[in-house]
Amino acid sequence: MTAYLDDPRRIEADGLARAAEGADRLARYDDAMRLYAQAATIEEAVAKSVPVAQPKLRSVLAVSAVALWAKAGRVDDVRRLAAVFMRTPEGLTFEAVRAMTNMLADASARKRR
């Protein structure tokens, strides 16, 4: 299980997300969005590599990837990735399904504004 959490790609994604948070605090919003999107791309790849038979780990990484896409302001990617993971609900925890459903609702509301 920890092999996925210790994956060098995750370490890179975490660094990018921290850099994005820093850019956001400095009001460098374009940089923050770009860095969040880079982190999301990596986190998505790692999450997709986790077998459905490991729902807890898959859930943590899937929710993280969807949240990073949301922070990047990429509503279409939030929808796309949540749909990918929710197609195999047996590979997710109930909490992850609920979190993604909430993120989808938030993203849809933001897109309508």
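Fair warning: this is a prediction, and the values are worked out from it, not measured in the lab.

Quick look at helix 2 (residues 8-25)
Here comes step 1: Counted at 1.5 Å a residue, the expected span for helix 2 with its 18 residues is 26 Å, and the 26 Å between its end C-alpha atoms agrees.
Here comes step 2: Among the residues of helix 2, those classed as buried are Arg 10, Ala 13, Leu 16, Ala 17, Ala 20, Gly 22 and Ala 23.
Here comes step 3: With a side-chain oxygen lying 2.7 Å from the backbone nitrogen of Arg 9, the N-terminal cap of helix 2 falls on Asp 7.

Examining helix 4 (residues 55-71)
Here comes step 1: Helix length check: helix 4, at 17 residues, gives a terminal C-alpha distance of 24 Å against a target of 24 Å (1.5 Å per residue), a fit within 8%.
Here comes step 2: By the burial criterion, the buried members of helix 4 are Leu 57, Arg 58, Ser 59, Leu 61, Ala 62, Ala 65, Val 66, Leu 68 and Trp 69.
Here comes step 3: Gly 73, located one to two residues past helix 4, shows a positive phi value of around 75°.

Regarding unusual backbone geometry
Here comes step 1: If you check the backbone angles, Ala 27 has positive phi at about 65° while not being a glycine.
Here comes step 2: Within the secondary structure, Ala 27 sits in the loop between helix 2 and helix 3 (29-49).
Here comes step 3: Given the relative accessible area of 44%, Ala 27 is considered partly exposed.

Some words on the environment of Ala 62
Here comes step 1: Relative to the elements of secondary structure, Ala 62 occurs in helix 4.
Here comes step 2: Taking the C-alpha atoms as reference, Ala 62 lies 8.6 Å from Leu 92; in sequence the two are 30 residues apart.
Here comes step 3: Once you skip the residues sitting within four places of it in the chain, Ala 62 turns out to touch Ala 47, Phe 85, Leu 92 and Met 100.

So, the packing of helix 3 against helix 4
Here comes step 1: Where helix 3 contacts helix 4, the two axes come as close as 8 Å, and the packing angle between them is 160°. By the criterion of interaxial angle, the relationship of helix 3 to helix 4 is roughly antiparallel. The crossing of helix 3 and helix 4 is left-handed. Contacts between helix 3 and helix 4 involve Met 33, Tyr 36, Ala 37, Ala 39, Ala 40, Thr 41, Glu 43, Glu 44, Val 46, Ala 47 and Lys 48 on the former and, on the latter, Arg 58, Leu 61, Ala 62, Ser 64, Ala 65, Leu 68, Trp 69 and Lys 71.

Observations concerning the packing of helix 2 against helix 3
Here comes step 1: At a minimum axis distance of 8 Å, the contact between helix 2 and helix 3 shows a crossing angle of 160°. In this view, helix 2 runs roughly antiparallel relative to helix 3, as classed from their interaxial angle. Here helix 2 runs over helix 3; the crossing is left-handed. Facing Arg 9, Arg 10, Glu 12, Ala 13, Leu 16, Ala 17, Ala 19, Ala 20, Glu 21, Ala 23 and Asp 24 of helix 2, the residues of helix 3 in contact are Tyr 29, Asp 31, Ala 32, Leu 35, Tyr 36, Gln 38, Ala 39, Ile 42, Glu 43, Ala 45, Val 46 and Ser 49.
Here comes step 2: Of the residues assigned to the contact of helix 2 with helix 3, the class counts are 14 nonpolar, two polar and seven charged.

Calculation rules
- Residues numbered from 1 in each chain as written.
- Predicted model: local features only at pLDDT ≥ 70, side-chain atom pairs only at ≥ 80, totals over all residues.
- Heavy atoms only, no water.
- Helix = DSSP H or I, 4+ residues; strand = E, 2+ residues; numbered from the N terminus.
- Expected span 1.5 Å × (residues − 1).
- Buried < 20%, exposed > 50% of the residue type's maximum accessible area, 1.4 Å probe, protein only.
- Polar contact = N/O pair within 3.5 Å; in protein donor to acceptor, adjacent residues only side chain to side chain.
- Contact = heavy atoms within 4.5 Å.
- Axes fitted to C-alpha atoms, helices over the stretch in contact; angles between N-to-C directions.
- Parallel < 35°, antiparallel > 145°, perpendicular 65-115°, else oblique.
- Left-handed = near helix turned anticlockwise from the far one by under 90°.
- Nonpolar A, V, L, I, M, F, W, Y, C, P; charged D, E, K, R; others polar.

Coordinates in, geometry out; function isn't part of it.
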